[in-house]
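Close look at the chain arrangement
Read off the chains here:
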Amino acid sequence: MALPGLAGSGPGSLGPLDEAVAVDEERKASALVAAGAVSEEDEEEEGRGRGLLRWDGFSAWLHCVCVVGFDLELGQAVEVIYPQHSKLTDKEKTNICYLSFPDSNSGCLGDTQFCFRFRQSSGRRVSLHCLLDQFDKDLPVYLKKDPAYFYGYVYFRQVRDKTLKRGYFQKSLVLISKLPYIHFFHTVLKQIAPEYFEKNEPYLEAACNDVDQWPAPVPGKTLHLPIMGIVMKVRIPTCHDKPGTTQLVQSTQQGDTHISVILPTVHEVDLFRCFCPVFLHSQMLWELVLLGEPLVVMAPSPSESSETVLALVSCISPLKYFSDFRPYFTIHDSEFKEYTTRTQAPPSVILGVTNPFFAKTLQHWPHIIRIGDLKPAGEIPKQVKVKKLKNLKTLDSKPGVYTSYKPYLNRDEEIIKQLQKGVQQKRPSEAQSVILRRYFLELTQSFIIPLERYVASLMPLQKSISPWKSPPQLRQFLPEEFMKTLEKTGPQLTSRIKGDWIGLYRHFLKSPNFDGWFKTRRKEMTQKLEALHLEALCEEDLLLWTQKHTEVETVDLVLKLKNKLLQADREHLPVKPDTMEKLRTHIDAIILALPEDLQGILLKTGMT
């Protein structure tokens, strides 16, 4: 008798005993990944006292640290990569070189901090002992790492130096990481970069050694991170945190006297400072980001361009922005041709640029935000207007939002009054950011709740799950069926904003953000069905089943159950721990009821 419920999980046409060997091999590989024990030849053997290889602690936070300088012969060049065994392709090094310096027109004298994001070279081998994968599942979706991209966090110094031919000292210290913890890494750089420029490589090596001693970035844990004589206290958010709340790290606990820096957030930017010149149009910009529309931010410097792009991406939180975004983009970027071609429509991407050349190159883009210098907190720039694209001739054009886009929703005057009142009362920028972030959150939640409610209805009933059949499929998402639900359970239940919500939904259903969101939800629900199927299997008397079937069928059952356990472990299925334990007990009991020669073979496959 075949077992349809388990049929999809076996490794194809292998015989039961071949399968046993295959399961054993996969188990060993999984164990290596879980233990972080796949070492590379050039890794040092220190640090084993913590049960980790040398640099595993560092790799959980950073890929590498680069120093980029200016060479009169070569131009920008990577002078130092640390740790020295870190691997970067030539293409990645070139991108880092050009993205680590402001464009010459920016005139950034002194110290400047900004952030960039670049595509990882294809074909790069993913390190199996990368610790990040273990923690990714507990992060909010918008903080999960993207395997295809790196972030670069830059501290750039340009000061006059008559002893140099060029007349200027120009150098960047750059942290390369998969983690989108913007505020955290900028704070780290603020602490170590100024001293690095004075003390050079030995100081950098010491700082990297400190990072290698850090605990892993486990979501939900309050971490104490020492670096070069100071201690930072941070908490990584989790997907279980209530959206819109910051689990503030308290400084009043005893024993905290050694803490130098307490970070209330690892990833958030100063939202109001970035939206300040355009807050009259913040709702329209929210729509453009939500719909994945091509958007360019033209700014006077990389710090303003990167902050504004990151603020735009975060305004639809807790939804993840699934398209590409480049906080700082230059004409030397490896995707420059791909993103500026006129032979096809502009892609779904948000670009932050500073080079005047882009005013001409990106004239055909449908939405362009031109911002002036961002003012310090308390100073409010003149509010920019929405202008027609044909008026954007050069980067010297006046600040404004250049678009012919007509928003679907009516403007919410309440939030504008609230923010304007805050300006008049000299409310701190942090407080204004809290108000604006809460407004965006409520807007996004009002929009997404009807979609969540409809998608939940696509889940099959629990009673339709049989242990001896494959888990049932989710029902198909039907746009028109969803639209009908909006009449009674639409955003009007939670939002005061009027307008063409239906039109906004229709547009959203064709966007990359819907595609990414729905794929994520479908995967979560499919995994839930797999978990419920496992629980249904545990409730069966499997030993009684084996008594009515042949040895071959029993061996087949054992192997398929073990594959189920492997799948649950590998895919982090939402299974209760006691379910896994029950299944292992079932497997043990079935094996012990078999002849000794089969017992030996099946027990070798482990996991029981």
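Just so we're clear, the structure is a prediction, and the values are computed from it rather than from any experiment.

**Considering the pattern of salt bridges**
For the structure shown, the criterion picks out 23 salt bridges. Linking Arg-437 and Glu-268 is a salt bridge whose minimum nitrogen-to-oxygen distance equals 3.7 Å. Of the two residues, Arg-437 is situated in helix 14 (residues 429-456) and Glu-268 in the loop between strand 8 (261-262) and helix 8 (271-275); the sequence distance between them amounts to 169 residues. Owing to a relative accessible area of 23%, Arg-437 belongs among the partly exposed residues under this scheme. For Glu-452, the salt bridge goes to Arg-521, with nearest N and O atoms at 2.8 Å. Linking Glu-452 in helix 14 with Arg-521 in helix 17 (residues 512-538), this pair joins segments that are 69 residues apart in sequence. One connected set of salt bridges, linked through shared partners, spans Arg-117, Arg-119, Asp-146, Asp-324, Arg-326, Asp-333, Glu-335 and Glu-338.

**Looking at the environment of Cys-115**
Within the element layout of this structure, Cys-115 appears in strand 3 (residues 110-119). Judged by relative accessible area, which is 0%, Cys-115 ranks as buried. Measuring from C-alpha to C-alpha, the distance between Cys-115 and Arg-326 comes to 9.1 Å, with 211 residues separating the pair along the chain. Those residues in contact with Cys-115 that sit more than four places away from it in its chain are Tyr-151, Gly-152, Tyr-153, His-186, Ser-306, Leu-310, Pro-327 and Tyr-328.

**Here's the deal with the packing of helix 15 (residues 479-489) against helix 16 (residues 501-508)**
At a minimum axis separation of 11 Å, helix 15 and helix 16 run at an interaxial angle of 155°. Comparing their axes, helix 16 and helix 15 come out roughly antiparallel. Relative to helix 16, helix 15 is oriented so that their crossing is right-handed. Packed against helix 15, whose contacting residues are Glu-480, Phe-482, Met-483 and Leu-486, the element helix 16 presents Ile-502, Tyr-505 and Arg-506 at the interface. Looking at side-chain class alone, the contact of helix 15 with helix 16 contains 5 nonpolar, no polar and 2 charged residues.

**Some details on the sheet that holds strand 7 (residues 230-235)**
Whenever strands of a sheet pair, they do so through backbone hydrogen bonds, lying parallel or antiparallel. The 3 strands lie next to each other as 6-7-8, forming an open sheet whose pairing is mixed. Each edge of the open sheet carries a strand with a single partner, namely strand 6 (222-227) and strand 8. The pairing of strand 7 with strand 8 spans 2 bridges and is classified as parallel. Counterpart to Met-232 in the pairing with strand 8 is Val-261.

**Examining the packing of aromatic side chains**
Scanning the model with the defined rule gives 37 aromatic pairs in all. Measuring from centroid to centroid gives 5.8 Å for Phe-272 and Phe-279, while their planes differ by 35°, and the two rings are tilted. On the accessibility criterion, Phe-272 (5% relative accessible area) is buried. Residues Phe-336 and Phe-358 carry aromatic rings whose centres are separated by 5.9 Å and whose planes lie at 70° to one another, so their mutual orientation is edge-to-face. Residue Phe-336 is located in helix 11 (residues 336-340), and its partner Phe-358 is located in helix 12 (residues 357-361); the two are separated by 22 residues in the primary sequence. For Arg-117, the ring lying beneath its charged end belongs to Tyr-149, and the centroid distance is 3.9 Å.

The rules we used
- Numbering of residues begins from 1 in every chain and follows the order in which that chain's sequence is written.
- Predicted model: local features are reported for residues with pLDDT of at least 70 only, side-chain atom pairs are reported and counted for 80 or more only, and whole-chain, interface and lining totals are derived from all residues.
- To obtain the side-chain values, all non-hydrogen atoms of the structure were included, while hydrogens and water were left out.
- Salt bridges are identified by distance alone: a Lys or Arg side-chain nitrogen within 4 Å of an Asp or Glu carboxyl oxygen.
- Helix and strand assignments come from DSSP, with helices taken as H or I runs of at least 4 residues and strands as E runs of at least 2, each series counted from the N terminus.
- Residue exposure (1.4 Å probe, protein chains only): buried if accessible area is under 20% of the type maximum, exposed if over 50%, otherwise partly exposed.
- Note on contacts: a residue pair is in contact if any heavy atoms of the two residues lie within 4.5 Å.
- Note on geometry: axes are C-alpha line fits, over the in-contact stretch for helices, and angles between N-to-C directions span 0 to 180 degrees.
- Angles are sorted into four bins: roughly parallel if under 35 degrees, roughly antiparallel if over 145, roughly perpendicular if 65 to 115, and oblique for all others.
- Each crossing is labelled by how the near helix is turned from the far one, with a counterclockwise turn of less than a right angle marking it left-handed and a clockwise turn marking it right-handed.
- Gly falls in the polar group here, along with every residue not listed as nonpolar (Ala, Val, Leu, Ile, Met, Phe, Trp, Tyr, Cys, Pro) or charged (Asp, Glu, Lys, Arg).
- A strand pair is defined by DSSP finding two or more bridges across the two strands.
- Think of it this way: a Phe, Tyr or Trp ring, Trp meaning its six-membered ring, pairs with another when their centres are within 6.5 Å, and the plane angle makes it stacked under 30 degrees, edge-to-face over 60, tilted otherwise.
- Distance and angle both matter: a charge sits over a ring if NZ of Lys or CZ of Arg is within 6 Å of the ring centre and within 35 degrees of the ring normal.

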